[in-house]
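Summary of the model geometry
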Amino acid sequence: MSEITPVISATGLFTPPDSISNEELVESFNAYVARFNAAHAGEIAAGTVAELAPSSVEFIEKASGIRSRFVMSKESLLDPDIMVPRWAERPNEELSVMAEMGVKAAQAALAAAGREAKDVDAVLCAASNMQRPYPAMAIEIQQALGIEGFAFDMNVACSSATFGIQTAADFIRAGNARSVLVVSPEICTGHNNMRNRDSHFIFGDVATAVLVEAKDIAPTPHWEIVGTRLKTVFSNNIRNNFGFLNCATPETIGAPDKLFIQEGRKVFKEVVPMVAAMIADHAGDLRLDPAALRRLWLHQANQGMNRLISQRVLGHEASEDESPTVLDTYGNTSSAGSIIAFHLYNTDLGVGDTGVICSFGAGYSAGTVFVRKVA
C-alpha cells in the first residue's frame, strides 16, 4: 500500500480590525515612564529605584523592523494606567475570544478550499498560549464549526503551527484522518509586558488556519508537503512562567517572569545558526538545493534574524520576493507569523516551485515544512 501524500489545500487569516502604530505605542509608553519616574523621584535620586528610559519610533524600528501591529483591545493597551487587553468576561455558554478568532480563520480556509465542516476529520489548536487549560480550545472550535471527529490543543510556543502541520500530515500519512485543520489563534498582547522598553513593541494579535489534506481529495491548485522536520533544544532565553501552579507561590504572582521575557542577544546568536543549518540540512536530505528555493516563509520575530537566516540558506542577501516580510505591519504574532507570510505571499508562484515554511522560538523549538506548488 503506497503512502498517502499530505498537502496544504488552503489557508485562512483573521486580522483584528484595530492597529497600533509605533507612534501611538511610544506616546503611551513614554506617558507611563514619565508618571513612573515622577512618582518615584525620591527613590530614583537615592539610587534604590532605577529610572525608566523612554522609547522611540527609531529604537523600535531599528531593533525589530516593526512599524505597527494589529490588536484585539487597542484602547486599554494604550491607556498608561492599564496597558493590557481588557474586555468583559464571556459566559461559558458563549464562544470564547480565542475560539472566535480561530473559527473565523478556519472558515476562511474552508471557503478557500471549497470545503464544508462535514469534510474535516480533526482540529488541532496550535498556539503559544491558550485561554484556559480545559476544555481544549480545539474542541470548542470543533464544536463551533460543527466538525465531527477529534480535536486537541498543542503548544510549542512560536513553532506551534509548523509542529501542528507535521502532526496533521502524520495523521494523514497513517490513514487516521483525511482532512485536518491546524488553527493558531494568538493574542500575544495578553502575555507581553507593555511596560518593558525592550519588549513593549514586539507582539500583535491574529489567527491563522491551515487545511492539511490527503492529496487525492485536494482542490486545484494546492501545495504538496515534500517534507517536515521538527527540532527542540532546551533554553531559558525565552520564557513565560505564568501557569495554574502560580497559586502555590502567591508572593511571586505578578512578577515580570509571569509575562514574556527573553535574552534577545543570546536568542539571536544561538537561534540564527541553528535554524539556517536546519533548513539547509533538511533541504539536502530531500535532495533539494537550498540556494534554489523559490521562497522562504520565515517566522516573523525580527527583521535582522530573517535577513541573516535567508542569507545563510540562499548564499546571498534575500530579496523581499525571496523572503517576504509581514512583521512590519503585523508585529511578532508567534506561531501565526510564518503562516501569515505564506498566506499572503504564495499565489504568484508557479507549478513546481518549492519553498519552505519555517518557524522558531521558545524552547528552543523550530519546524520546517517544505512545500511544492501543484496544479
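1. Focus on the sheet that holds strand 4 (residues 122–126)
Reading across the sheet, the nine strands line up as 5-4-6-7-1-8-13-12-11 and stay open at both edges, with mixed pairing between neighbours. A single partner strand is all that each edge strand has here, and the edge strands are strand 5 (150–154) and strand 11 (295–298). Adjacent strand axes in the sheet meet at a mean angle of 25°, parallel and antiparallel pairs treated alike. Inspection of the sheet shows strand 11 paired to strand 12 (residues 354–361) by four bridges, in the parallel sense. Paired with Arg 295 across the bridge in strand 12 is Gly 355. The strands touched by helix 8 (residues 264–285) within the sheet are strand 8 (222–232), strand 11, strand 12 and strand 13 (365–374), with strand 13 carrying the most contacts at an inclination of about 40°.

2. A closer look at the side chain of Asn 193
With respect to the element layout, Asn 193 can be found in the loop between strand 6 (179–187) and strand 7 (205–214). The class for Asn 193 is buried, based on a relative accessible area of 17%.

3. A closer look at the pattern of salt bridges
Scanning the model with the defined rule gives 16 salt bridges in all. For Arg 35, the salt bridge goes to Asp 81, with nearest N and O atoms at 2.7 Å. Taken together, the residues Arg 35 in helix 1 (residues 22–39) and Asp 81 in the loop between helix 4 (74–78) and helix 5 (97–113) connect sequence positions 46 residues apart. Owing to a relative accessible area of 45%, Arg 35 belongs among the partly exposed residues under this scheme. Owing to a relative accessible area of 57%, Asp 81 belongs among the exposed residues under this scheme. Between Arg 132 and Glu 140 there is a salt bridge whose closest N-O contact spans 2.8 Å. Arg 132 sits in the partly exposed class, given a relative accessible area of 22%. Linked by salt bridges that have partners in common, Arg 294, Arg 295, Asp 321 and Asp 348 make up one network.

4. Some details on the state of the cysteines
Under the counting rule described, the total for this entry stands at zero disulfides. Cys 158 takes part in no disulfide bond, and the closest cysteine sulfur to it belongs to Cys 188, at a distance of 7.1 Å.

5. A word on the environment of Val 351
The residue Val 351 is located in the loop between helix 11 (337–344) and strand 12 in this model. Along the primary structure Val 351 and Ala 53 are separated by 298 residues, whereas in three dimensions their C-alpha atoms are 52 Å apart. Among all residues touching Val 351, those that are not within four sequence positions of it are Lys 373 and Ala 375.

6. With respect to the side chain of Ser 128
Mapping Ser 128 onto the fold places it in the loop between strand 4 and helix 6 (137–145). Within the local environment of Ser 128, its side chain forms a polar contact with the side chain of Ser 334, the two groups lying 3.2 Å apart. Those residues within four positions of Ser 128 in sequence are excluded, and the remaining contacts are Asn 155, Ala 157, Ser 160, Glu 186, His 191, Ser 334 and Ser 335.

About the thresholds
- Residues numbered from 1 in each chain as written.
- Predicted model: local features only at pLDDT ≥ 70, side-chain atom pairs only at ≥ 80, totals over all residues.
- Heavy atoms only, no water.
- Pairing = 2+ DSSP bridges.
- Helix = DSSP H or I, 4+ residues; strand = E, 2+ residues; numbered from the N terminus.
- Axes fitted to C-alpha atoms, helices over the stretch in contact; angles between N-to-C directions.
- Contact = heavy atoms within 4.5 Å.
- Buried < 20%, exposed > 50% of the residue type's maximum accessible area, 1.4 Å probe, protein only.
- Salt bridge = Lys/Arg side-chain N within 4 Å of Asp/Glu carboxyl O.
- Disulfide = S-S within 2.5 Å.
- Polar contact = N/O pair within 3.5 Å; in protein donor to acceptor, adjacent residues only side chain to side chain.

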